Amino acid sequence: MRILTFARRNAKEILRDPLNLAFGLGFPIILLLLLSLIQSNIPVPLFEIAHLTPGITVFGLSFMTLFSATIIAKDRSGSLLRRLYTTPMTSGDFILGYTLPILPIAVAQCVICYIVALPLGLEWTVGIGYAVLLILPVSVLYVALGLLCGSVLSDKQVGGICGALLTNLSAWLSGIWFDLDLVGDTFRRIAYALPFVHAVEMERAALAGDLNGIFPHLWWVLGYSVGALAVAVLLFLRQMKKQ
Amino acid sequence: MDAIRTENLTKTYRDVVAVDHLNFSVRQGELLALLGVNGAGKTTTIKMLSCLTRPTDGDAFLNGKSICRDAAAVKSVIGVSPQETAIASRLSVYENLELMCGVYGYAKREKHAKITELSHRLGLDSVLKKKAGKLSGGWQRRLSIAMALIGDPEILFLDEPTLGLDVLARSDLWDLIRSMKGRITIVLTTHYMEEAEALSDRIAIMKDGRLLLCDTAEAIKQAAGPDHFEQAFIRIVRGVEQ
């Protein structure tokens, strides 16, 4: 009950910010349209719609990190959290209340991207269903990163770290915009030691209906999701104690 | 029974003693004002009593429940209106109250009845649909107090409730606080002398984390000499410095 109430409040706060809607939903769609247009003029295999869309859905999740980090950091800087800490709400209520509302937003963003991709030439297959389903563990990873950043950074720092650094890292190290092999072996190794490229390759395999191809990427994503969530919970509890 | 009793309540931050062996009690239904200049330890005291900060030493008992050992039970009997207005700015007034109802576990029907009753009592009916962030300071503070009252607290902490408000908004809030006197035990921090004098049953004067005096405004004036409470306060606080 308390979790749902708090989750509902957080969802409202996020969805009522027009900038969130513009970046969270608008930006991935614009990228999809723009890159498809480039693809129609100068065909590049990387930007073929079946290759591009899974990448865009993963990249769009970096905005979920920004949303969750911003709302937590803002709540910390104001006194609403302090008020709520004096109520019977538990740490679990807070953590789940911040995490849960972003997951349906992330899924909605993914679904909208696929809906936009259909008239751009994406084939309607069961793979879309797999890809939407598998976006959930990836979303957990990005939301956990938001919880982590929101617990340690101020609301101004969140803009820089999550808004600029993380979105760029997530873009460069995921193989969405360029082939990682082109940059060199070290860069490739670093990218494959991080979860972003695994998330994109897992989504591409899922969309292609290649269920064997989602492995081992799924393990990487799950490992990082669980790890990030554990660190995020610890940091959130630490700041809760500090308050 | 005392609603609040502190026993050598102490809080230190590294080498700074924010609250130093505080001993006082508040009777049920009483309104106690914690008065002091900036840095006197008023807010830290409220934070400890509302289980936001653990005391470094000592303990306090709210309706007999220890803030150190039984924080969950303490949280179920208190309401807190923090110094800064603690509201969700993108939510409407109704939604803010609804949020607090959910936090205190009200069922749907009870929730609506509670919001209707409180908004009527606090005069919030006309702004229920407005976004909380768009309200004036006075209305936001009123909403903040309403949110603190949702859980039907037995003890209410109001931290600087009228800070930064204009004369009319302050007068309205005073009326509201007076209307709650006797039914709820209230601890109010302020550094406005007239506020403490006008609203409180007793006033506890703090300085550098220590309690200098705890008595009625009249008794404080008599003890310190001058007729004006402000003069009495200055004399008491300066007396400690000399």
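Participant: Tell me what's going on with the overall build of chain A, and back it up with residues and numbers.
Facilitator: Helix and strand content of chain A: 12 helices and 0 strands. Order of helices (α) and strands (β) in chain A, N terminus to C terminus: α-α-α-α-α-α-α-α-α-α-α-α. In terms of overall dimensions, chain A has C-alpha extents of about 60 × 35 × 30 Å along its principal axes. Expressed as a percentage of its 243 residues, the buried residues of chain A come to 53%. Once local pairs closer than 6 in sequence are excluded, the contacts in chain A between residues at least 24 apart make up 79%. Approximately 10300 Å² of chain A is accessible, and the part contributed by carbon and sulfur atoms is 72%. Side chains of chain A carry 16 positive and 13 negative charges; the gap between the two charge centres is 19 Å.

Participant: Outline the sheet that holds strand β10 (residues 202-207) of chain B, listing residues and values.
Facilitator: Residue and element names in this part refer to chain B. If you trace the 6 strands from one edge of the open sheet to the other, you get β7-β8-β9-β4-β10-β11, paired in mixed fashion. In this open sheet, the two edge strands, each paired with only one partner strand, are β7 (78-81) and β11 (210-215). Adjacent strand axes in the sheet meet at a mean angle of 15 degrees when their direction is disregarded. Two strands pair when backbone bridges link them, and β10 and β11 are joined in this way by 5 bridges, in the antiparallel orientation. Counterpart to Met206 in the pairing with β11 is Leu211. Its contacts with the sheet place helix α5 (residues 137-149) against β7 and β8 (155-159), and it is angled at close to 165 degrees to β7.

Participant: Kindly report on the interface of chain B and chain A, identifying the contributing residues and their values.
Facilitator: Listed as interface residues are 31 residues of chain B and, on the opposing side, 20 residues of chain A. Broken down residue by residue, the surface that chain B buries against chain A is led by Leu52, Arg90 and Val103 of chain B, which jointly contribute 30%. Joining chain B to chain A, the criterion identifies 3 salt bridges. With a closest N to O distance of 3.4 Å, Lys12 of chain A and Glu95 of chain B form a salt bridge. Scanning the region where chain B abuts chain A turns up 8 residue pairs in polar contact (both at pLDDT 80 or more).

Participant: I'd like a description of the layout of surface pockets, backed by residues and values.
Facilitator: Its volume calculated, the largest pocket comes out at about 590 Å³. When contributions to the lining of the largest pocket are tallied by element, the ones reaching two or more residues are α1 (2-15), α2 (18-41), α4 (62-77) and α9 (155-172) of chain A. At 6 residues, α4 of chain A tops the list of elements feeding residues into the lining of the largest pocket. Taken as a whole, the second largest pocket holds about 460 Å³ of empty space. Lining the second largest pocket we find 18 residues, and of these Tyr85 of chain A together with Cys51, Leu52, Ala71 and Lys75 of chain B sit closest to its centre. Elements that contribute at least two residues to the lining of the second largest pocket include exactly α12 (217-242) of chain A together with α2 (71-75) of chain B. Sort the elements by how many residues they give to the lining of the second largest pocket and α2 of chain B lands first, with 3 residues. The residue makeup of the lining of the second largest pocket, split by class, is 12 nonpolar, 3 polar and 3 charged.

Definitions and cut-offs
- Residues numbered from 1 in each chain as written.
- Chains lettered and ligands numbered in written order.
- Predicted model: local features only at pLDDT ≥ 70, side-chain atom pairs only at ≥ 80, totals over all residues.
- Heavy atoms only, no water.
- Helix = DSSP H or I, 4+ residues; strand = E, 2+ residues; numbered from the N terminus.
- Buried < 20%, exposed > 50% of the residue type's maximum accessible area, 1.4 Å probe, protein only.
- Contact = heavy atoms within 4.5 Å.
- Areas by Shrake-Rupley, 256 points an atom, 1.4 Å probe, with all protein chains shown as cover.
- Lys, Arg positive; Asp, Glu negative; His and termini not counted.
- Charge placed at Lys NZ, Arg CZ, Asp CG, Glu CD.
- Pairing = 2+ DSSP bridges.
- Axes fitted to C-alpha atoms, helices over the stretch in contact; angles between N-to-C directions.
- Buried area = accessible area lost by both parts, 1.4 Å probe.
- Salt bridge = Lys/Arg side-chain N within 4 Å of Asp/Glu carboxyl O.
- Polar contact = N/O pair within 3.5 Å; in protein donor to acceptor, adjacent residues only side chain to side chain.
- 1 Å grid on protein atoms, 1.4 Å probe; cavity = no way out; pocket = protein on both sides within 12 Å on 5 of 7 lines; lining within 4 Å.
- Points joined across faces, edges and corners; volume = space filled by probe spheres on them.
- Nonpolar A, V, L, I, M, F, W, Y, C, P; charged D, E, K, R; others polar.

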